[in-house]
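Structure at a glance
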Amino acid sequence: MTALPNSLDEAVDHAVEATRAALAAGYSRLQIELRFPELNSMPLARNFTRAFSDLTREDGSPGLKVLFADAGAAALARRDWEGEGFEMRGINEGRTKIEPEDRAVLVVAPTSVELNTAEKHAVEAGERPFVLFNPQLEDIGRIGIGYAGRQVRERFLNTFEPCYFVQPLDEDVALLRCYPAPWQVWQRQGEEFQLVAEQPLKPNTDDLNRIFQAETGGRRSEGLLASMSRFLRALSQ
């Protein structure tokens, strides 16, 4: 059974395993989300690139192209990831495009602003692996774009398989999806987290309400209901 990770490093290990399993099953567009507060995605993304360690170009160089939200982030990665050998660019840099020799594409921490360009690159990638790592999309409805623009972005995101997702919402409740397992709700019971529910789609407010009602057997439980309230508030952010 899939378990909650005990550390960020373990979460990345699980994400690598889930990515390899999803690629083997025929998925090409994948989304990885480690939703922890104030998280620096850069070192985690570097560790995650192990998922593509077996992909090389004809000249033997790494086949993975890594794109970042802007040229500054790409420059920092080229400095800090020295020796990795990946091609690293800002997603909107003028010369950036998906080349025939690119075997896979990893987009690190894109925001809603970069989604149009990400979609163009995903089309260029075709059936090659194209992964969004820790997209920062909480502002998708608040960046001044119209309804049609939001629909385009949401349609594009719906083409991605949520391969790995972990979100500890407070000290008692967490949401997990690790391909090929379904979505899971975990809750602290005593000293350990226990799996309390599974379902094929990401839980929404009604799902979570039903899950916690079932946990209490319809009886009022201050601890569980307070935990549910915090869970629902965090999920809506």
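Now for a look at the structure at hand. Every chain begins its residue count from 1, and numbering advances along the sequence as written. For a predicted model such as this one, the threshold for reporting local features is a pLDDT of at least 70, and the threshold for listing and counting side-chain atom pairs is 80 or more; totals across whole chains, interfaces and linings nevertheless cover every residue. For side-chain calculations, the full set of non-hydrogen atoms in the structure is used, while hydrogens and water are omitted.

Focus on the overall build of the protein chain
Scanning the protein chain from N- to C-terminus turns up 7 helices and 9 strands. A simple rule labels every residue: compare its accessible area, found with a 1.4 Å probe on the protein chains alone, to the largest value its type can have, and call it buried under 20%, exposed over 50%, or partly exposed in between. For the protein chain, with 237 residues in total, the buried portion stands at 48%. Contacts between residues were defined by any pair of non-hydrogen atoms, one from each residue, lying within 4.5 Å. A separation threshold of at least 6 residues defines the contact pool for the protein chain, and within that pool the share at least 24 residues apart is 62%. Note that accessible areas follow from Shrake-Rupley with a 1.4 Å probe, and for residues the cover is restricted to the protein chains shown. When the accessible surface of the protein chain is summed, it comes to about 11900 Å², and 48% of that surface belongs to carbon and sulfur atoms. Helical segments are the DSSP runs of H or I of at least four residues, strand segments are the runs of E of at least two, and each set is numbered from the N terminus.

Digging into the pairing of strand β2 (residues 64–68)
For β2, a buried count of 5 out of 5 residues is recorded, marking the element as mostly surrounded by other parts of the structure. Side-chain alternation along β2 places L64, V66 and F68 on one buried face and K65 and L67 on a second face that is also buried. In the sheet, β2 pairs with strand β4 (residues 104–108) via 5 bridges, with the strands oriented parallel. Following the sheet pairing, V66 is matched in β4 by L106. A strand pair is defined by DSSP finding two or more bridges across the two strands.

Comments concerning the environment of L23
Looking at where L23 falls in the secondary structure, it is placed in helix α1 (residues 8–24). Taking the C-alpha atoms as reference points, L23 and A51, 28 residues apart in sequence, are found 9.9 Å from one another. The contact partners of L23, leaving out residues within four places of it in the chain, are S28, L30, F52 and P129.

Digging into the packing of aromatic side chains
To pair, rings of Phe, Tyr and Trp, with the six-membered ring standing in for Trp, must have centres within 6.5 Å; the planes then decide the type, stacked if under 30 degrees apart, edge-to-face if over 60, and tilted in the middle. A complete count under the given rule lists 7 aromatic pairs for this structure. Measuring from centroid to centroid gives 6.2 Å for F130 and F160, while their planes differ by 55 degrees, and the two rings are tilted. Separated by 30 residues along the polypeptide, F130 in strand β5 (residues 130–133) and F160 in the loop between α5 (147–157) and β6 (161–168) bring together distant segments of the chain. When its relative accessible area of 7% is taken as the criterion, F160 is described as buried. Seen from their ring centres, F156 and F160 are 5.1 Å apart, and the 90 degrees between their planes marks the pair as edge-to-face. Of the aromatic side chains, those joined through ring pairs into one cluster are F48, F52 and F133.

Some details on the packing of α1 against helix α2 (residues 41–48)
Each axis is a line fitted through C-alpha atoms, taken for helices only over the stretch in contact, and angles between the N-to-C directions span 0 to 180 degrees. Relative to each other, α1 and α2 sit at 45 degrees, their axes nearing to 9 Å. As far as their axial angle goes, α2 and α1 are oblique. With respect to the hand of their crossing, α1 and α2 are arranged in right-handed fashion. Each of L8, D9, V12, A15, V16 and T19 in α1 lies in contact with α2, whose residues at this interface are L44, N47 and F48. When residues are grouped by polarity, Ala, Val, Leu, Ile, Met, Phe, Trp, Tyr, Cys and Pro land in nonpolar, Asp, Glu, Lys and Arg in charged, and all others, Gly among them, in polar. Class assignment of the residues belonging to the contact of α1 with α2 gives a composition of 6 nonpolar, 2 polar and 1 charged. Note on angle classes: values under 35 degrees are labelled roughly parallel, values over 145 roughly antiparallel, values of 65 to 115 roughly perpendicular, and the remainder oblique. In this scheme, a crossing is called left-handed if the near helix is turned counterclockwise away from the far one by less than a right angle; it is called right-handed if the turn is clockwise.

Some points on the pattern of salt bridges
Each salt bridge in this description consists of a side-chain nitrogen of Lys or Arg and a carboxyl oxygen of Asp or Glu lying within 4 Å of one another. In the structure shown here, the tally under the stated rule is 12 salt bridges. Note that R79 and D80 form a salt bridge whose closest N and O atoms lie 2.8 Å from each other. Accessibility expressed as a relative area gives 56% for R79, which makes it exposed. Three or more residues are tied together by salt bridges with common partners; here these are R57, K65, E87, R89 and D102.

Details of the nonpolar core
Judged by nonpolar contacts, the single largest core of 40 residues is most densely connected at I32, L34, F48, V66, F68 and Y164. Residue contributions to this core peak at 6 residues, all from α1. Once you skip the residues sitting within four places of it in the chain, Y164 turns out to touch P5, A11, H14, A15, A18, Q31, I32, E33, L34, L176, R177 and C178. If you look at the next biggest cluster of nonpolar residues, it comprises 15 residues, including V105, A122, A125 and L157. Definition of nonpolar core: a set of buried residues of the types Ala, Val, Leu, Ile, Met, Phe, Trp, Tyr and Cys, connected through side-chain atoms within 4.5 Å.

Side note on helix α3 (residues 71–80)
The set of residues buried in α3 consists of A73, A74 and A77. Each buried residue of α3 lies within a common arc of 100 degrees when the element is viewed along its axis, so the set occupies one face. Against the buried residues of α3 lie α2, β2 and β3 (87–90). Side-chain atoms alone can form a polar contact between residues adjacent in sequence; in general such a contact is a pair of N or O atoms within 3.5 Å, and within protein one must be able to donate a hydrogen while the other accepts it. Near the N-terminus of α3, the side chain that reaches the backbone nitrogen of G72, with its oxygen 3.0 Å away, is that of D70. Directions pointing from the helix axis toward each C-beta atom define the arc.

Quick word on unusual backbone geometry
Geometrically, the link from Y179 to P180 is a cis peptide bond, its omega value of 10 degrees lying close to zero. Here P180 lies in the loop between β7 (173–178) and β8 (183–189). Despite not being glycine, A109 shows a phi value in the positive range, around 50 degrees. Assignment of secondary structure puts A109 in the loop between β4 and α4 (115–125).

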